[in-house]
Amino acid sequence: MINWRRWTDRSHRSDPSSSGAASSAAAFLDSTAGIVAIIAAAIVVRLLLAPRFGFYGDLRYFRGWAGRLQDTGLRHFYSSGVFVDYPPGYLYVLDVLGRISRVPSNTLLKIPGLLGDLGLAWSCSLLASRLTPESVRRRIPVRAFVLLAVLFNPAVLGVGAFWGQVESIPSAFVVTTLLLLLTGRRAVQRDLGAMCLFAVAIAIKPQSGFLAPVLAYLLVRRYLIERPRGRRLEGLATLLGISLASGGLWAVSGLPFGLGPGALIRFYKHSAQAYPV
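Residues numbered from 1 in each chain as written. Predicted model: local features only at pLDDT ≥ 70, side-chain atom pairs only at ≥ 80, totals over all residues. Heavy atoms only, no water.

## Overview of the overall build of the protein
Right, so step 1: Each helix and strand counted, the protein has 14 helices and zero strands in total.
Right, so step 2: Looking at the protein as a whole, 39% of its 277 residues qualify as buried.
Right, so step 3: Looking at the protein alone, contacts between residues at least 24 apart form 69% of all its contacts between residues at least 6 apart.
Right, so step 4: Summing over all exposed atoms, the protein offers an accessible surface of approximately 15500 Å²; the carbon and sulfur share of this is 66%. (Helix = DSSP H or I, 4+ residues; strand = E, 2+ residues; numbered from the N terminus. Buried < 20%, exposed > 50% of the residue type's maximum accessible area, 1.4 Å probe, protein only. Contact = heavy atoms within 4.5 Å. Areas by Shrake-Rupley, 256 points an atom, 1.4 Å probe, with all protein chains shown as cover.)

## Here we look at the environment of Arg46
Right, so step 1: Structurally, the position occupied by Arg46 is in helix H3 (residues 32–49).
Right, so step 2: Considered as a pair, Arg46 and Leu114 are 68 residues apart in the sequence and their alpha carbons are 7.1 Å apart.
Right, so step 3: In contact with Arg46, other than residues within four places in its own chain, are Leu114, Asp117, Val150, Leu151, Val156, Leu157 and Ala161.
Right, so step 4: A distance of 2.8 Å separates a polar atom in the side chain of Arg46 from a polar atom in the side chain of Asp117. (Polar contact = N/O pair within 3.5 Å; in protein donor to acceptor, adjacent residues only side chain to side chain.)

## Here's the deal with the packing of aromatic side chains
Right, so step 1: Here the structure, examined in full by the defined rule, presents 15 aromatic pairs.
Right, so step 2: Ring geometry for Phe62 and Tyr86: centres 5.4 Å apart, planes at 85 degrees, overall edge-to-face. Residue Phe62 is found in helix H4 (residues 56–72), and its partner Tyr86 is found in the loop between H4 and helix H5 (88–100); the two are separated by 24 residues along the sequence. Just as Phe62 is buried, Tyr86 falls in that class too.
Right, so step 3: Relative to Phe267, the ring of Tyr78 lies with its centre 5.2 Å away and its plane at 70 degrees, an arrangement referred to as edge-to-face. (Phe/Tyr/Trp six-rings, centres within 6.5 Å; stacked < 30°, edge-to-face > 60°.)

## A closer look at the environment of Leu151
Right, so step 1: One can find Leu151 in helix H8 (residues 142–151).
Right, so step 2: The exposure class assigned to Leu151 is buried, which follows from its relative accessible area of 1%.
Right, so step 3: Taking the C-alpha atoms as reference points, Leu151 and Leu120, 31 residues apart in sequence, are found 8.7 Å from one another.
Right, so step 4: With sequence-adjacent residues up to four places away left out, Leu151 is seen in contact with Ile38, Ile39, Ala42, Arg46, Asp117, Leu118, Ala121 and Leu157.

## Observations regarding the nonpolar core
Right, so step 1: Within the largest apolar cluster, 61 residues are counted, with the highest numbers of intra-cluster contacts made by Trp65, Phe77, Tyr78, Leu91, Leu94 and Trp250.
Right, so step 2: Those residues in contact with Tyr78 that sit more than four places away from it in its chain are Val84, Tyr86, Pro87, Pro88, Leu91, Phe257, Leu259 and Phe267. (Core = buried A, V, L, I, M, F, W, Y, C linked by side-chain atoms within 4.5 Å.)

## Looking at the pattern of salt bridges
Where charged atoms from two side chains of opposite charge approach closely, those side chains can pair.
Right, so step 1: As enumerated under the stated definition, the model contains 10 salt bridges in all.
Right, so step 2: Between Arg46 and Asp117 there is a salt bridge whose closest N-O contact spans 2.8 Å. With a gap of 71 residues between them, Arg46 in helix H3 and Asp117 in helix H6 (residues 106–131) connect regions that are remote in the sequence. Grouping residues by exposure puts Arg46 and Asp117 together as buried.
Right, so step 3: The salt bridge involving Glu226 is made with Arg221; its shortest N-O contact spans 3.2 Å.
Right, so step 4: For Glu226, a relative accessible area of 42% translates into the label partly exposed.
Right, so step 5: Linked by salt bridges that have partners in common, Arg186, Arg221 and Glu226 make up one network. (Salt bridge = Lys/Arg side-chain N within 4 Å of Asp/Glu carboxyl O.)

## Quick notes on a nonpolar patch on the surface
Right, so step 1: Together, Phe53, Phe55, Phe162 and Trp163 give the surface a local cluster of nonpolar side chains, amounting to about 370 Å² of exposed area.
Right, so step 2: Looking at where Phe162 falls in the secondary structure, it is placed in helix H9 (residues 154–163).
Right, so step 3: Residue classification places Phe162 among the partly exposed positions, given a relative accessible area of 32%. (Patch = residues over 30% accessible without salt bridge, like charges linked within 9 Å, V, L, I, M, F, W, Y side chains within 5 Å.)

## Notes on the environment of Gln189
Right, so step 1: Of note, Gln189 is situated in helix H11 (residues 188–204).
Right, so step 2: Separated by 53 residues in sequence, Gln189 and Ile242 have C-alpha atoms that sit 9.0 Å apart.

## Considerations on the packing of H6 against helix H10 (residues 168–182)
Right, so step 1: It is the contact of H6 with H10, at a shortest axis distance of 8 Å, that shows an interaxial angle of 25 degrees. Taken together, the axes of H6 and H10 are roughly parallel relative to one another. The crossing of H6 and H10 is left-handed. When H6 is examined against H10, the residues Pro112, Gly113, Gly116, Asp117, Gly119, Leu120, Ser123, Cys124, Leu126, Leu127 and Arg130 are found in contact with a partner set consisting of Ser168, Ile169, Ser171, Ala172, Val175, Thr176, Leu178 and Leu179. (Axes fitted to C-alpha atoms, helices over the stretch in contact; angles between N-to-C directions. Parallel < 35°, antiparallel > 145°, perpendicular 65-115°, else oblique. Left-handed = near helix turned anticlockwise from the far one by under 90°.)

## What about the packing of H3 against H8?
Right, so step 1: Taken N-terminus to C-terminus, the directions of H3 and H8 make an angle of 5 degrees; their axes are 10 Å apart at the nearest point. Relative to H8, the element H3 lies roughly parallel. Along its contact with H3, which presents Ile35, Ile38, Ile39, Ala42 and Arg46, the element H8 presents Arg143, Ala144, Leu147, Leu148, Val150 and Leu151.
Right, so step 2: Its residues assigned to classes, the contact of H3 with H8 comprises nine nonpolar, no polar and two charged. (Nonpolar A, V, L, I, M, F, W, Y, C, P; charged D, E, K, R; others polar.)

What follows is the structure, encoded as structure tokens:
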């Protein structure tokens, strides 16, 4: 008769050699050399894909806008008769690309998105590592696993290296905003920096504003609800200062293009109507 209890006990025992190999692999991934290897592999993959694929309609617009910025300058870029559905935030990047090359190649047009992928992955890995209990971090290379999950995610590769879009750039700013607000030592300067990054994300892609209610609740709770009653006026003043500074940064993003805050809002509405849901 088969001794099922003994067989089950043996089947649950881990092979020392395989366990040691797994521990060594995890230790390498969590080391500086492992992190560098992951990032280097991600860059190589993207540089191999960038010149071979692309959504050429969008890339054609990016290329045309980069050249137009050199012809008209920032002030006269938005003029009637020219299709432009991007707010000023990313046009600063295209202006730099246009200065490098009047007719940017697909690879050059995808470099900002590549850098955005790296920034997004790095911020996600830090956020996950800081929010993960220490007991788990000792057993699992959280930072390395998150880097791999973001950098080699088919959706991230598809949108950036294949398609040529730049969603990873504002996404990196949004995740870094959360990183600054949710981890580390609390400080007004840290919260101010976080909200300024959020303003930049909205200036690039207004869709980033979906996080605004969450951030508003977090800051109101931090500076008003959790404050002693006697310090709430001080907290309100700090909260208003952070809001004015970050909102002001967004408001001035369009001024070099001749767009004030009101014109920016109208531009957002007009662009949204071009892609009805």
